[in-house]
Amino acid sequence: MATYDGKKALIVDDFPTARRLIKDTLQEIGFECVEAADVDQALKLFDEEKVDLVIADTFMPEKNGMDLLKTLRENPENEELEIVLTMMEDHEELVSQGEALGMTGYVLKPFDVFSLSKSLDQMHKMVSEKIGRVEGIQSSESFIEMKSRTKAMPYMPSNTGE
């Protein structure tokens, strides 16, 4: 498992519990984290902070992770920014939409430290080597290969009322 010491992640999710779990996981592998409860707050933080990774939920009210992805990718300076979307289920339509918008990858909720770290390592390697990436569109083959090596379990909602 790689460490990401000195790297900063922006976590975007409308549920505080989800943000905390992702933050705890990312901090365990070395990331410094900043959090946003919605896309507007995320864009403000993105302008203020230099982040190496954005991890955003696809299901949020009003604007969601896809909206954030699209907005960030509109700026050519963000072409190499690693943007990961989290999903509760493996929706083929969402994955295709994310690929077309230039997501680096996606992770199914819930996940543990090992599976998230492994996914990030694989995505980081793909971006670094520019494997399967042409003009901001991720190759489906790369996603299928990455997904087959990544453990993901179905999302189990918490009983916290969120």
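Residues numbered from 1 in each chain as written. Predicted model: local features only at pLDDT ≥ 70, side-chain atom pairs only at ≥ 80, totals over all residues. Heavy atoms only, no water.

So, the side chain of K109
In this structure, K109 sits in the loop between β5 (105-108) and α5 (113-129). At a separation of 2.8 Å, a polar atom in the side chain of K109 contacts the side chain of D13. Of note is the side chain of K109, whose polar atom sits 3.5 Å from the side chain of D57. (Helix = DSSP H or I, 4+ residues; strand = E, 2+ residues; numbered from the N terminus. Polar contact = N/O pair within 3.5 Å; in protein donor to acceptor, adjacent residues only side chain to side chain.)

Regarding the nonpolar core
In terms of nonpolar packing, the biggest core is built from 25 residues, with L10, V12, V54 and L68 touching the most fellow members. Going through the elements one at a time, β1 (8-12), β2 (32-36), α2 (39-48), β3 (53-57), α3 (65-73), β4 (82-87), α4 (92-101) and β5 are the ones with two or more residues in this core. Those residues in contact with L10, other than ones at most four positions away along the chain, are V34, E35, A36, A42, L45, F46, V51, L53, V54 and I55. With 17 residues, the next largest nonpolar core counts V84, V113, L120 and M123 among its residues. (Core = buried A, V, L, I, M, F, W, Y, C linked by side-chain atoms within 4.5 Å. Buried < 20%, exposed > 50% of the residue type's maximum accessible area, 1.4 Å probe, protein only. Contact = heavy atoms within 4.5 Å.)

Let's talk about the confidence of the model for the chain
Summary statistics for the chain give a mean pLDDT of 78 and a share of 77% for residues scoring 70 or more. In the predicted structure, residues 131-162 sits below a pLDDT of 50 and forms 58 contacts with residues beyond four places in sequence or in another chain. (pLDDT = per-residue confidence, 0-100.)

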